[in-house]
Amino acid sequence: MIAMDSAKLLARCQAGDELAVEQLVREYQPRLFRLALSILDDGSGLGSADAEEVAQDTFLRALRSLDTFRGESSLATWLYSITINLCRNVLRSRRRREHLQRLFQALVEFGEDHSHTTEERVVHHEATDRVLKAVFALNEKHRLPVILRYYHACSVREIAQILDVPEGTVHSRLNTARSQLKIRLEEEWTEDRNL
Amino acid sequence: MTQITHELARQYLLSRADGLLSDKENLFLKEHLRGCETCRLEEERLDHLHIQLQDSFRERWDAISPPARPLVTSLPAPESQWPRFGRVAINLALFALWIWLYRAVLDYLKIIFSHEEFRTNQFLLAGVLILIYVQFRKQRFQLKVDALPQMYAPGLGLMIGGSAIYLIIERILDINTLSATLFGLATYGFLGLWISPRRWLEGLPAALLLIGVLPFGDHLETFIGYPMRLATAWIVQNGFSILGIHSVGVDTILILESGLAQVDIPCSGVKSLWTGMLFLIAATWLEGRSVNLRWLGIVWLVGGMLFVANVARVAVLVVVDTLAGWGILAELIHVPLGVLAFSGVCGIAVLLVRSQPQLAGIPFADPLNILGGESSVEKKRPVWLAPLLAVLIAGMALLYQPRPQPVAAQAAVQWVFPSELQVHTDSLSPELFAWLTQDGVVFADRWQFNWGAEESSLSGDLMFITSDNWRGQHKPERCFEVQGQKVESVQTVMVAEDFSLRVLRLSRGPLQVSALYWLQTGNRVTDDFATRIWSDLGREKPHWVLVTILLDDVYPPDSASLGALANTVRAVVAEGFGGNELWIK
């Protein structure tokens, strides 16, 4: 159920109270921005701009459809799920663009190679950060639960609501992700243990 | 206590990591871990992974600040009820109106990007377009073609302001390149109604770069080059005077500049300003640096450095050519000097651009939001904006009035030639006449001539192009090149104290000929197009006659017979003015 404060805030927003809208935005903006950033960051330095746009689109969509919010999940979870859906749209169009760009660059060779995949760009940005490289190497369905669990401290139940999948599936995906990460980070783990 | 298997213990560890373990299961797990080193190692491994992930995520993303101001401050208007194709149709209609408003410029652009004489600009355009395509792919630039226009003050301001100035410029000045520049700026403002403001600001250098490929050469030469050459000559002369050398006059330097030092390469003289500015804009854009007041300061600084580099180049050439008398050495070093100075300034420009903050690292604050209020990266898209824009653009298109052009007449003046200059009218073909008169020529006349005694006679074609509008008179060098002749050399020659003309050596295959030209009004003669154009900026616009003589043979520039022929023709033109300083009778 919605907490009382959130319920009041939503009611005021629905009534067109601009102060309430601003309060809602101020309260959730940093979290939504960071959520979008953590999903869209590809090491190119442009993730921040995309995250800003996604955060804003989230508010616009949420405020336009306040009537449809039933309170079956928390307000934060609802906003998170909108953010993630918007991020998925961005990632899809990015993949299309990257594909086109690779095709174009196959035709015309330019001095600088811009055809890095997301994973390669992250490594390029943080050469030594093997952890991030390992996370970005996961596919999207395994990566999102990891980011939501370990960066945004969401519970399995919240992740299930955000991603609209059963809790068991979230747990299973987290387990798969952890297994893959352990394999990829084995060397670092051994080094750390020997120190 | 019930014992659990290793397999179950590991499952419990994973469940505990996800907060799914009950108190009872937790007790079983703790009991198992007490006696099992293998499972404790697994626990340690999981905890380590947990810390690794948290630390790495925080290190990477906590450092990036979220936007400081709220992204949305009021309830958004309901989404447009128009279907997608309806929104696209509205946008297409607005775009069509926009093209109609700028119909005159499009004709000009068609010429620029199709005629052979603008090949450099065409190659530049192709290069810039490829660069823009690649960068926009990289920066994920998107035009929201299916969204209604948004209220974005900087875009709207640039669009309306640029168009208003365009209407005035077209009516009063009629300078095509300036109109095309305003078209470029206003169109980028227009596009800002469909682009995210952040992306719009990031793409601004690309728009400037695209505008920069227009043929600014002649205009730079006229409006900046001429005062710049005067200033350069004055600085160099005063510099030498301070050093005790008083024999070098401004005129000497100007003649040297008009000939040797006016290198026709894009990295020297006044053209370096154009090339340098394009380089600076491209560097800013490719480096992803912000365009702000400090950047404008860098623009001025780089412009100043290019000017100083040119002054230094001219000073060196004056020393080598005029003072030391080593003309051949001056010929040899003038191009390397230009390239060297230009490269040096470009290197400094890159360092200055790199000192600008990177766009990617700046939280977006919409610095151009001049109307204040919401700093949202997404603006409101009120439904009334599209019809308002349609009315506004259509209104401006209806207000458009080009400058009235004088109607040309062939042979409307009875030029009186002396007996020693025998002329036969050589009528202009309708096509040539139309081409010559397209930009406001008043009279156009051509003759074949013979002049002088048999042993030193000269023959060829003589042409007078009379206009009270500088655009009616093209630089003869360009005309000759269009006709397939190569300009081998251009030299300024002083025929009399008040009479300087240009002598050209032209070639077409093995055939070489000489040509002369100058511009003349009732009381003035000049070989400098800049002087002629500047006279149009005064209140009274005098008639100028562009005299071009194409000879049948090649002659030394300082040939006495060329000078005598020029003096005779000058007298004919002066007679045409009949003592009036400004207008032909």
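Residues numbered from 1 in each chain as written. Chains lettered and ligands numbered in written order. Predicted model: local features only at pLDDT ≥ 70, side-chain atom pairs only at ≥ 80, totals over all residues. Heavy atoms only, no water.

The helix and strand tally for chain A stands at 10 helices and 0 strands. In chain A, the succession of helices and strands from N to C terminus is α-α-α-α-α-α-α-α-α-α. Looking at chain A as a whole, 53% of its 195 residues are labelled buried. The long-range share in chain A, meaning contacts at least 24 apart out of those at least 6 apart in sequence, stands at 60%. Of the roughly 9500 Å² that chain A leaves accessible, carbon and sulfur atoms contribute 49%. (Helix = DSSP H or I, 4+ residues; strand = E, 2+ residues; numbered from the N terminus. Buried < 20%, exposed > 50% of the residue type's maximum accessible area, 1.4 Å probe, protein only. Contact = heavy atoms within 4.5 Å. Areas by Shrake-Rupley, 256 points an atom, 1.4 Å probe, with all protein chains shown as cover.)

Given 3.6 residues per helical turn, the α-helix brings residues three or four places apart onto the same face. Residues and elements named next belong to chain B. Its 20 residues give helix α7 (residues 153-172) an end-to-end C-alpha distance of 28 Å, which sits within 8% of 28 Å, the value for a rise of 1.5 Å per residue. By the burial criterion, the buried members of α7 are A153, P154, G155, L156, M159, G162, S163, Y166, L167, I169 and E170. Summarising the contacts, the buried residues of α7 are in contact with α4 (84-101), α5 (103-112), α8 (176-191), α9 (197-212) and α15 (385-399). (Expected span 1.5 Å × (residues − 1).)

To continue, consider the pattern of salt bridges. Applying the stated criterion across every chain yields a total of 14 salt bridges over all chains. Here D17 of chain A and R12 of chain A are joined by a salt bridge, their closest N and O atoms 3.1 Å apart. Residue classification places D17 of chain A among the partly exposed residues on the basis of a relative accessible area of 27%. The residue R34 of chain B makes a salt bridge to E31 of chain B at a minimum N-O spacing of 2.7 Å. One end of the pair is R34 of chain B and the other is E31 of chain B, both in helix α2 (residues 23-35) and 3 residues apart, which spans about a single turn. Take R34 of chain B: its relative accessible area is 60%, and that puts it in the exposed class. (Salt bridge = Lys/Arg side-chain N within 4 Å of Asp/Glu carboxyl O.)

So, about the environment of R61 of chain A. Residue and element names in this part refer to chain A. With respect to the helices, strands and loops of the structure, R61 is situated in helix α3 (residues 47-64). Here R61 falls in the partly exposed class, since its relative accessible area comes to 47%. Here the alpha-carbon distance between R61 and T83, two residues 22 residues apart in the chain, equals 9.7 Å. In contact with R61, other than residues within four places in its own chain, are I82 and L86.

Glancing now at the side chain of Q150 of chain B. All names here are of chain B. By the secondary structure assignment, Q150 is in the loop between α6 (119-139) and α7. A relative accessible area of 0% means that Q150 is categorised as buried. One polar contact links the side chain of Q150 to the main-chain carbonyl oxygen of I195, over a distance of 2.6 Å. (Polar contact = N/O pair within 3.5 Å; in protein donor to acceptor, adjacent residues only side chain to side chain.)

The next subject is the nonpolar core. Counting 64 residues, the largest nonpolar core has V146 and L148 of chain A together with L53 and F57 of chain B as its most contacted members. Here this core takes 12 residues from helix α2 (residues 18-40) of chain A, the largest share from any one element. Sequence-distant contacts of V146 of chain A, that is, excluding residues within four places in its chain, are made with L138, Y151, L174, A177 and L181 of chain A together with L53 and F57 of chain B. W98, L109, A386 and M396 of chain B belong to the second largest nonpolar core, which has 30 residues in total. (Core = buried A, V, L, I, M, F, W, Y, C linked by side-chain atoms within 4.5 Å.)

Moving on, we get to the packing of aromatic side chains. All names here are of chain B. Tallied over the entire structure, the rule returns 16 aromatic pairs over all chains. On the basis of an interplanar angle of 50° and a centroid distance of 5.1 Å, the ring pair of W98 and Y102 is categorised as tilted. One exposure class covers both W98 and Y102, and it is buried. Both rings, one in Y188 and one in W200, keep their centres 5.2 Å apart while their planes meet at 15°; by these two values the pair is stacked. Here Y188 is found in helix α8, whereas its partner W200 is found in helix α9, with 12 residues between them in sequence. Take Y188 and W200: they sit in the same class, and that class is buried. Site record: aromatic cluster; members linked through ring pairs are W98, Y102, Y166, F183, F190, W194 and Y400. Sitting over the face of the ring of F499, R570 holds its NZ or CZ atom 5.0 Å from the ring centroid. (Phe/Tyr/Trp six-rings, centres within 6.5 Å; stacked < 30°, edge-to-face > 60°. Lys NZ or Arg CZ within 6 Å of the ring centre and 35° of its normal.)

All names here are of chain B. Extensive coverage of strand β9 (residues 544-551) is indicated by the burial of 7 of its 8 residues. Bridging between strand β4 (residues 458-467) and β9 involves 8 bridges; their strand directions are antiparallel. Bridge pairing links G460 to L551 in β9. Strand direction decides the pairing type here: strand β7 (residues 511-520) and β9, joined by 6 bridges, are antiparallel. Bridging across to β9, W518 finds its partner in V547. (Pairing = 2+ DSSP bridges.)

A few words on the side chain of T77 of chain A. Residue and element names in this part refer to chain A. Tracing the backbone through its elements, the reader meets T77 in helix α4 (residues 75-107). Judged by relative accessible area, T77 falls into the buried class, the value being 4%. Among all residues touching T77, those that are not within four sequence positions of it are E158, Q161 and I162.

With that settled, consider the environment of L280 of chain B. Residues and elements named next belong to chain B. With respect to the element layout, L280 can be found in helix α12 (residues 271-286). On the basis of relative accessibility, which here comes to 1%, the residue L280 falls in the buried class. Along the backbone, L280 and V353 are 73 residues apart, and their C-alpha atoms lie at a distance of 7.7 Å. Excluding anything up to four places from it in sequence, L280 contacts I298, V299, V302, A349 and V353.

All names here are of chain B. Here the structure, examined in full by the defined rule, presents 0 disulfides over all chains. The thiol sulfur of C36 is not disulfide-bonded, and the nearest other cysteine sulfur, from C39, lies at 3.5 Å. When its relative accessible area of 6% is taken as the criterion, C36 is described as buried. The class of C39 is buried, set by a relative accessible area of 0%. (Disulfide = S-S within 2.5 Å.)

For the rest of this paragraph, the subject is a nonpolar patch on the surface. Together, M151, V383, W384 and L388 of chain B make up an exposed nonpolar region whose accessible area comes to about 400 Å². Mapped onto the secondary structure, W384 of chain B falls in the loop between α14 (327-354) and α15. (Patch = residues over 30% accessible without salt bridge, like charges linked within 9 Å, V, L, I, M, F, W, Y side chains within 5 Å.)

In this section: the confidence of the model for chain A. Residues and elements named next belong to chain A. Residue-level pLDDT values for chain A average 78, and 76% of them are 70 or greater. Of the regions scoring below 50 in pLDDT, residues 109-116 engages in 15 contacts with residues more than four places distant in sequence or in other chains. Contacts from residues 123-128, a stretch scored under 50 in pLDDT, to residues over four places away or in other chains number 4 contacts. (pLDDT = per-residue confidence, 0-100.)

Below, the discussion takes up unusual backbone geometry. Residue and element names in this part refer to chain A. Even without glycine at this site, A153 takes up a positive phi of about 55°. Looking at where A153 falls in the secondary structure, it is placed in the loop between α7 (140-150) and α8 (156-163). Positive phi values are uncommon outside glycine, yet D164 reaches one of about 60°. Tracing the chain through its elements places D164 in the loop between α8 and α9 (167-184). Looking at D164, the relative accessible area reads 67%, which means it is exposed.

Right, let's get into the pairing of strand β6 (residues 499-508) of chain B. All names here are of chain B. When you tally the buried positions in β6, you get 8 out of 10 residues, the bulk of the element. Of the pairings in the sheet, the one linking strand β5 (residues 486-496) to β6 comprises 9 bridges and is antiparallel in character. Looking at β6, one finds that V493 is bridged to L501. Where β6 and β7 come together, 7 bridges link them in antiparallel fashion. Bridge assignment links R502 to a residue of β7, and that residue is Y517. A loop of 2 residues connects β6 with β7, the two strands running antiparallel in sequence, and G509 in this loop sits at a positive phi of about 65°.

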